[in-house]
Amino acid sequence: MYLDDRLVPTVKLKFTPGQGCKLAKRSNLFIKGPVPMEWVAKASGLPGKAIHVALAIWWLAGMRPLDKIKVTRQALNLLHVSDDAYRDALPRLEQAGLIKVWRAPGQRAQVEIVHNITQ
């Protein structure tokens, strides 16, 4: 039976002469900026976990050069957002004019950040 290599759990090791192999330290994560403060302020005023989902979107957008991104389970777990909270926050961010969303049946929504928001 063939397993997709991406499904096999891996651990990064760092080799140093004299000390042998050790677990590699996880690099510090960051959100690539600039992130407009007006955008963040508008998202933070929304109820629920909208600001958490908004930060997950910015984090993923900083790692991918694409206009549209899909919010991953890893990003939601990192910011302690459940699937229900994600599904609640997405329409709130969309109605606030912070993101555009494209939905397809059976798939996670594709999200695009709106950079020129209006008050």
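Fair warning: this is a prediction, and the values are worked out from it, not measured in the lab.

Colleague: With reference to specific residues and values, describe helix α4 (residues 83-95).
Modeller: Along its 13 residues, α4 runs 19 Å from first to last C-alpha, staying within 8% of the 18 Å computed at 1.5 Å per residue. Its buried side turned inward, α4 meets α1 (37-44), α2 (50-63), α3 (73-78), β4 (99-102) and β5 (110-113). Remark: G97 follows α4 within two positions and exhibits a positive phi of approximately 80 degrees.

Colleague: Run through the packing of α1 against α2, naming residues and quoting values.
Modeller: Interhelical geometry of α1 versus α2 gives an angle of 145 degrees and a closest axis separation of 8 Å. Across the interface between the two elements, W39, V40, A43 and S44 from α1 touch A50, I51, A54 and W58 from α2. For the contact of α1 with α2, the per-class residue count stands at seven nonpolar, one polar and no charged.

Colleague: Could you give me a rundown of the packing of aromatic side chains, with the residues and numbers involved?
Modeller: A full pass over the atoms with the stated rule returns one aromatic pair. In this structure, K68 is placed above the aromatic ring of W102, and the distance from its NZ or CZ to the ring centre is 4.0 Å. Note that R108 overlies the ring of Y86, its terminal NZ or CZ placed 5.1 Å from the centroid.

Colleague: Would you mind going over the layout of surface pockets in detail, with residue names and values included?
Modeller: When its volume is computed, the second largest pocket comes out at roughly 200 Å³. Around the second largest pocket, the lining residues are K32, G33, P34, W58, A61, G62, L66, D67, I69, E112, I113 and H115. If you list the elements that add at least two residues to the lining of the second largest pocket, you get α2 and β5. For the lining of the second largest pocket, the element with the highest residue contribution is α2, accounting for three residues.

Colleague: Before we move on, could you go through unusual backbone geometry and cite the residues and values that matter?
Modeller: In the segment running from G33 into P34, the intervening peptide bond is cis, with an omega of 5 degrees. Tracing the chain through its elements places P34 in the loop between β2 (20-23) and α1. For H80, which is not glycine, the phi dihedral falls at a positive 60 degrees. By secondary structure assignment, the location of H80 is in the loop between α3 and α4. For H80, a relative accessible area of 62% gives the class exposed.

What counts and how
- Each chain carries its own residue numbering, running from 1 in the direction its sequence is written.
- Only residues with pLDDT of at least 70 are given local features in this predicted model, and only at 80 or more are side-chain atom pairs given and counted; all residues enter the totals for whole chains, interfaces and linings.
- Side-chain measures were taken over the full set of non-hydrogen atoms in the model, leaving aside hydrogen atoms and water.
- Per the convention used, a helix needs a DSSP run of H or I reaching at least four residues, while a strand needs a run of E reaching at least two, with both numbered from the N terminus.
- What a helix should span is 1.5 Å times the count of its residues minus one.
- Contacts: residue pairs with any heavy atoms within 4.5 Å of one another.
- In this description, a line fitted to the C-alpha atoms serves as the axis of each element, helices being fitted only across the stretch in contact, and the angle between N-to-C directions of two axes falls anywhere from 0 to 180 degrees.
- Just so you know the grouping, Ala, Val, Leu, Ile, Met, Phe, Trp, Tyr, Cys and Pro go in nonpolar, Asp, Glu, Lys and Arg go in charged, and all remaining residues, Gly too, go in polar.
- Aromatic contacts are taken between Phe, Tyr and Trp rings whose centres are within 6.5 Å, Trp giving its six-membered ring; a plane angle under 30 degrees counts as stacked, one over 60 as edge-to-face, and the others as tilted.
- Consider the ring centre and the ring normal. A charge sits over the ring if Lys NZ or Arg CZ is within 6 Å of that centre and within 35 degrees of that normal.
- The distinction between a cavity and a pocket rests on a 1 Å grid over the protein atoms alone: a 1.4 Å probe fits inside a cavity but cannot get out, while a pocket stays open yet meets protein on both sides within 12 Å along at least five of seven lines, and a residue with an atom within 4 Å of a point counts as lining.
- Grid points are joined across faces, edges and corners, and a volume is the space filled by probe spheres set on the points.
- Buried means the residue's accessible area, taken with a 1.4 Å probe over protein chains only, is under 20% of the maximum for its type, while exposed means over 50%, and partly exposed covers the values in between.

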